[in-house]
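# What the coordinates show
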Amino acid sequence: MADVAPIVLNDKILEWPKNDNRRFLHVVYRVGDLDRSIKFYTEAFGMTLLRKRDVPKDKYSSAVLGFGLEESTFVVELIHNYGVENYDIGTGFGHFGISTTDIYQLVETIRAKGGKITVEPGAAEGTTTVVAFVQDLDGYEFELFQRDATPEPLCQVMFHVVDLDRSIEFYEKALGMKLIVTIDRPEEKDTIAMMGYGDDPNQIAILELIYNYDVTEYTKGNAYSHIAISTDDVYKSAEVVKLVTQELGGKIIRQPGPFPGTNTKIIAFEDPEGWKTVLIDNQDFLKGLEE
């Protein structure tokens, strides 16, 4: 029987995300050849393979990779569905971000391992930060940042939205994120909003939302899946999401409770534009890693 905690619906519950213990756990997306991607991510990006599993019953395999342990850093989870070699990334998803202390060496390593360099290293417009853009073997784009050592080398997930103000409000209210900065770029015809659980975008993983002027629709494809975020109480978090989706849009796509076949409690939902988030119980997550 599901472990259900009764919650009283009132405006006070909306304060919960601000006091919750939250961080980005992992970002999930699909690849056409899991072993090939593992080889590329370890040899080109310098990540470590943290765990791998095969699930014949559901016809998929997965691998978790990162620059540190899952217990403390943001990592990637790659999914491969049996028999599927190509996925559609769509026009809505943008890129991931990686911080490095030697961007020039990293770019050369990625090039040597078969990655595509779409923008060579150089100072970002209006800043002194050196950046580059590369693609992995499945066509996912990564923005590389030249920075001092950081606790979160996997530092960014970016996707496009058509209503930036609504999206900012959703992630503030439903997920307790802070709006770190907004940048309007008329020359690029877009506006950027950076959000996360902290104040310094150089030290934390962030969600970057981009609004392109006058664009009213994007495609999502079937490649990118979701971001997983920690919570100390899935049921309280679910009540917040319920209230915020009633106000701003979006929907709960998996009600709070243990994920089938495990004791890990989660809730899954979409924001008003269909981007998916999964909240995972902190204690259950750590127990799962031990097992």
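Residues numbered from 1 in each chain as written. Predicted model: local features only at pLDDT ≥ 70, side-chain atom pairs only at ≥ 80, totals over all residues. Heavy atoms only, no water.

## Brief notes about the sheet that holds strand β14 (residues 251–258)
Applied cut-off: Note: two strands are recorded as paired if DSSP finds a minimum of 2 bridges between them. Counting from the N terminus, the helices are DSSP H or I runs at least four residues long and the strands are E runs at least two residues long. Between N-to-C directions, angles cover 0 to 180 degrees, with each direction set by a line fitted to C-alpha atoms, over the stretch in contact for helices. Working rule for contacts: check all heavy atoms of both residues, and any pair within 4.5 Å makes them a contact.
The eight strands are arranged β2-β3-β4-β1-β13-β16-β15-β14 in an open sheet whose pairing can be described as mixed. The strands lining the two open edges of the sheet, one partner per strand, are β2 (48–55) and β14. Between one strand axis and the next, the sheet turns through 15° on average, direction left out of account. Two strands pair when backbone bridges link them, and strand β1 (residues 24–30) and strand β13 (residues 224–231) are joined in this way by five bridges, in the antiparallel orientation. Among the inter-strand pairings, Val27 is bridged to a residue of β13, identified as Ile227. Across the face of the sheet, helix α6 (residues 282–290) comes into contact with β1, β2, β13, β15 (265–270) and β16 (276–281) while running at roughly 80° to β16.

## With respect to the side chain of Thr264
As a reminder of what qualifies: Only protein chains enter the calculation, and the probe is 1.4 Å; a residue is then buried if its accessible area is under 20% of its type maximum, exposed if over 50%, and partly exposed in between.
With respect to the element layout, Thr264 can be found in the loop between β14 and β15. Thr264 sits in the buried class, given a relative accessible area of 18%. Ignoring any residue separated from it by four or fewer positions in sequence, one finds Thr264 in contact with Gly257, Pro258, Phe259, Ile280 and Asp284.

## Re the packing of aromatic side chains
Note the threshold: Aromatic pairing here means that ring centres of Phe, Tyr or Trp (its six-membered ring) are within 6.5 Å. Orientation follows from the plane angle: under 30 degrees is stacked, over 60 is edge-to-face, and everything else is tilted.
One pass over the structure, following the stated rule, counts 20 aromatic pairs. Seen from their ring centres, Phe96 and Tyr140 are 6.0 Å apart, and the 50° between their planes marks the pair as tilted. Of this pair, Phe96 sits in strand β5 (residues 93–100) while Tyr140 sits in the loop between β7 (130–135) and β8 (141–146), and the two are 44 residues apart along the sequence. As far as burial versus exposure is concerned, Phe96 and Tyr140 are alike and both buried. Relative to Trp275, the ring of Tyr224 lies with its centre 5.8 Å away and its plane at 70°, an arrangement referred to as edge-to-face. Note that Tyr224 is positioned in strand β13 and Trp275 in the loop between β15 and β16, a separation of 51 residues in sequence. Judged by its relative accessible area of 6%, Tyr224 is buried.

## Considering the nonpolar core
Rule in force here: We define a nonpolar core as any set of buried Ala, Val, Leu, Ile, Met, Phe, Trp, Tyr and Cys residues linked to one another through side-chain atoms lying within 4.5 Å.
If you look at the biggest cluster of nonpolar residues, it comprises 64 residues, and the most contacted ones within it are Tyr29, Tyr41, Phe142, Leu144, Phe159, Tyr171 and Tyr224. Within the second largest apolar cluster, seven residues are counted, among which are Leu25, Ile266, Ala268 and Phe285.

## A closer look at the sheet that holds strand β6 (residues 116–123)
In spatial order, the strands read β6-β7-β8-β5-β9-β12-β11-β10; together these eight strands make up an open sheet with mixed pairing. Taken across any chain shown, the strands that pair with only one partner, and hence form the sheet edges, are β6 and β10 (178–185). The mean angle between the axes of side-by-side strands here comes to 20°, regardless of whether they run parallel or antiparallel.

## Observations concerning the layout of surface pockets
Rules: Only protein atoms enter the 1 Å grid used here. Points where a 1.4 Å probe fits but cannot escape make up a cavity, open sets with protein on both sides within 12 Å along at least five of seven lines make up a pocket, and a residue lines them when an atom lies within 4 Å of a point. Grid points are joined across faces, edges and corners, and a volume is the space filled by probe spheres set on the points. For this scheme, ten residues count as nonpolar: Ala, Val, Leu, Ile, Met, Phe, Trp, Tyr, Cys and Pro. Four count as charged, namely Asp, Glu, Lys and Arg, and the remainder, Gly too, count as polar.
The computed volume of the largest pocket comes to approximately 1200 Å³. Together, 33 residues line the largest pocket, and Arg53, Tyr60, Glu77, Phe259 and Thr262 are the ones closest to its centre. In terms of residue count, α6 provides more of the lining of the largest pocket than any other element does, five residues in total. Partitioned by chemical class, the residues of the lining of the largest pocket number 14 nonpolar, nine polar and ten charged. If you add up the space inside the second largest pocket, you get close to 810 Å³. Lining the second largest pocket are 33 residues; nearest its centre among them are Ala124, Glu143, Arg185, Ile192 and Met194. Contributions of two or more residues to the lining of the second largest pocket are made by β6, β7, β8, β9 (154–160), β10, β11 (190–196) and β12 (206–212).

## Structural notes on the pairing of β12
Here β12 lies mainly inside the structure; six of its seven residues are buried. The sheet contact formed by β9 and β12 spans five bridges and is parallel. Across the sheet, the residue bridging to Phe159 is Leu209, located in β12. In the sheet, β11 pairs with β12 via seven bridges, with the strands oriented antiparallel.

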